[in-house]
Amino acid sequence: MRKTILVLIITIYWSSIYGQTPIDSIFENSYKVYESQRLPNGMYRDSKLFSGTDYHPISIANTGMGLIALCIADAMNWINDAPNLALNTLKSVTGHHQTFNPDKTSNGYFRHFMDINTGQQAWNSEYSTIDTDILMSGALFAMKYFEDDSITHYTMELWNSINFEAAIENPNTGKIYLSMNANGTGVTSSLTSPYSEYMIVAWLAKNATDTPSSIGNQLWNNYYSSPSLLPQVTYGGFQVLSDNPTSFLSSFTHQFNYYLCNYFTTSTDYLTLFENAQKADAAWWNSFNNNQYEWGLGAGSAITNSYQANAINNNIDTIVSPHIIAGFIPINPSGKNDLLTLWNNNKGKYPLPSGASILWRYSKNDAFWQPNEVIGIDYSTMLFGLATLPEYLGDSFFVTNNDFFSIPTTNTTNLDSDINITLYPNPCTNFLQVSNLNKNRNYIIYNVAGEVIQKGILFNNRPVNIQNLSNGIYFIKFNAGKPLKFIKQ
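All values reported here derive from a predicted model rather than from experimental measurement. (Residues numbered from 1 in each chain as written. Predicted model: local features only at pLDDT ≥ 70, side-chain atom pairs only at ≥ 80, totals over all residues. Heavy atoms only, no water.)

Trainee: Can you help me understand the side chain of Lys488 in this one?
Mentor: Inspection of the secondary structure assignment puts Lys488 in strand E24 (residues 484–488). Put simply, Lys488 is tucked away with no salt bridge, and the nearest opposite charge, on Glu157, sits 15 Å away. A polar contact is formed between the side chain of Lys488 and the backbone oxygen of Ile466, at a distance of 3.1 Å. Excluding its chain neighbours within four sequence positions, the residues that come into contact with Lys488 are Cys428, Thr429, Ile466, Gln467, Leu469, Ser470, Asn471, Gly472 and Tyr474. (Helix = DSSP H or I, 4+ residues; strand = E, 2+ residues; numbered from the N terminus. Buried < 20%, exposed > 50% of the residue type's maximum accessible area, 1.4 Å probe, protein only. Lys, Arg positive; Asp, Glu negative; His and termini not counted. Salt bridge = Lys/Arg side-chain N within 4 Å of Asp/Glu carboxyl O. Polar contact = N/O pair within 3.5 Å; in protein donor to acceptor, adjacent residues only side chain to side chain. Contact = heavy atoms within 4.5 Å.)

Trainee: So what exactly am I meant to see when it comes to the pairing of strand E9 (residues 232–235) here?
Mentor: Looking along a regular strand, one sees the side chains alternate between the two faces of the sheet. Because side chains alternate across E9, one face comprises the buried residues Val233 and Tyr235, and the other comprises Gln232 and Thr234, none of which is buried. Of the strand pairs in this sheet, E9 and strand E10 (residues 238–241) are connected by four bridges, and their pairing is antiparallel. Along E10, the bridge assignment pairs Gln232 with Leu241. Two successive antiparallel strands, E9 and E10, enclose a turn made up of two residues, where Gly236 displays a positive phi of approximately 60°. (Pairing = 2+ DSSP bridges.)

Trainee: For this particular structure, what's the right way to read the sheet that holds strand E20 (residues 441–447)?
Mentor: Strand pairing within a sheet occurs via backbone hydrogen bonds; the two strands may be parallel or antiparallel. Strand order in this open sheet of four strands is E21-E20-E23-E24, and the pairing throughout is antiparallel. Bordering the open sheet on either side are strand E21 (452–458) and E24, each of which pairs with just one other strand. Here the average twist between neighbouring strands, direction ignored, is 25°. Here strand E23 (residues 472–478) pairs with E24 via five bridges, running antiparallel. What sits directly across from Phe475, in E24, is Lys485. Helix H6 (residues 149–160) rests against E20 and E21 of the sheet, and its axis sits at about 165° to E21. (Axes fitted to C-alpha atoms, helices over the stretch in contact; angles between N-to-C directions.)

Trainee: Could you clarify how one ought to interpret the sheet that holds strand E8 (residues 191–192) in this entry?
Mentor: A sheet is described by the order of its strands in space; here three strands give the open sequence E5-E6-E8, paired in antiparallel fashion. At either end of the open sheet lies a strand with only one pairing partner, and these are strand E5 (168–170) and E8. As defined by bridge partners, E5 adjoins strand E6 (residues 175–177) across two bridges and the pair is classed as antiparallel. Bridge pairing in E6 places Ile168 opposite Ile176.

Trainee: For this particular structure, what's the right way to read the nonpolar core?
Mentor: The nonpolar side chains of a soluble globular protein tend to be buried, and buried together. Counting 128 residues, the largest nonpolar core has Ile72, Met136, Tyr224, Leu386 and Phe398 as the members making the most contacts within it. Ignoring anything within four residues of it in the chain, the contact list for Leu386 reads Ile23, Ile26, Phe27, Ser30, Ala326, Ile329, Leu339 and Tyr392. Counting residues in each nonpolar core, the second largest holds 15 residues, with Leu423, Ile445, Leu458 and Val464 among its members. (Core = buried A, V, L, I, M, F, W, Y, C linked by side-chain atoms within 4.5 Å.)

This is how it looks when you write it as structure tokens:
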């Protein structure tokens, strides 16, 4: 109680002097991390140095987080050109940039790290499934939030370029490829088992087709449709999800799923385990008489091995991750006060080159250690969690905008007023033109067996990209209209 009163007094004093409360500063400065990592081509570096010349390459996953950061900045009125910035990013990602050509597999999986100028491989990085799907999630989030025709166009182009089910090694074992070969096959020596942040990979694969028998749906139904199907482990009396019943995962895994997978975000069962993960994290810290406001087991800069993904019983440098405290705010609102206490006590508080200060990782073992950089992908839950505070955007912001696959149907009253819709050329090769379509329409393409092969949004006078379809006979249907036959050859 005494700590809470002290935080309140300091907050009121700060606001009266500076016109902005400390939590306002923590929140807005968190966006400035992504602003500082953004490149002229719209891509985002992996990290921002606290001092010195930046050298980190592009992180494809952090580019996805950067797109969500733009949505938050727009909603908070911190910037006035967010849609154009997002569009610039999506054009670069889809190869519509004069000099930037992102390196990816034949079925759409991007390199983990890319050269900032060319988009080619950096740091000997792999073609990553989870990083590609985090990018895709960020693009879908931006499409949902901005409701902009051009953003939707490039997002759907990105969506249609990726074979999401190719990331699944075996729907019966639940194994997912961590990395892919250039020819689009999975690297068999690089696999992960349920459960982890790869739930995001499973979620996109499930929604890539409406076919119940698809391997994406099989994987989802076998493992992710209920958390009772997944391994769980107990700490301090709290059951939490893990990838095996004997060890714990870093807390960011649960947080990424909360912010990017709508099924997780809206499931009572998953949210109960999300709350348990927060309680178990805090309980581990309290087990060795730690200050109650110092907790958070996340990933990022470290002393040993320079980078760690810390978890219960796995934090050799005893590093506190404030971004994990923030990431749990939707189910632990008191985390706001913990962040304010850290801020007021100068724990984990570092200035960016711009002068704006942020909260980031610090060690309780070594009070003199300071990280060299702030890593965007790991830091993301600081910005996301703070955004859910009721005085800002509220938790409905993510519930609404990560609902990627509930695209509202356009008013279909007298849909056949799209008189004489025709497809050409027919037969066709890579692109299918549609004439006399008088409005933007949702569409689905299915084969002669009735299996949904592709879906998206079509804008007037724009072609449907069918490059990924095998040769054969297909049907395309716009909203509730009648199906039209075409041949791909």
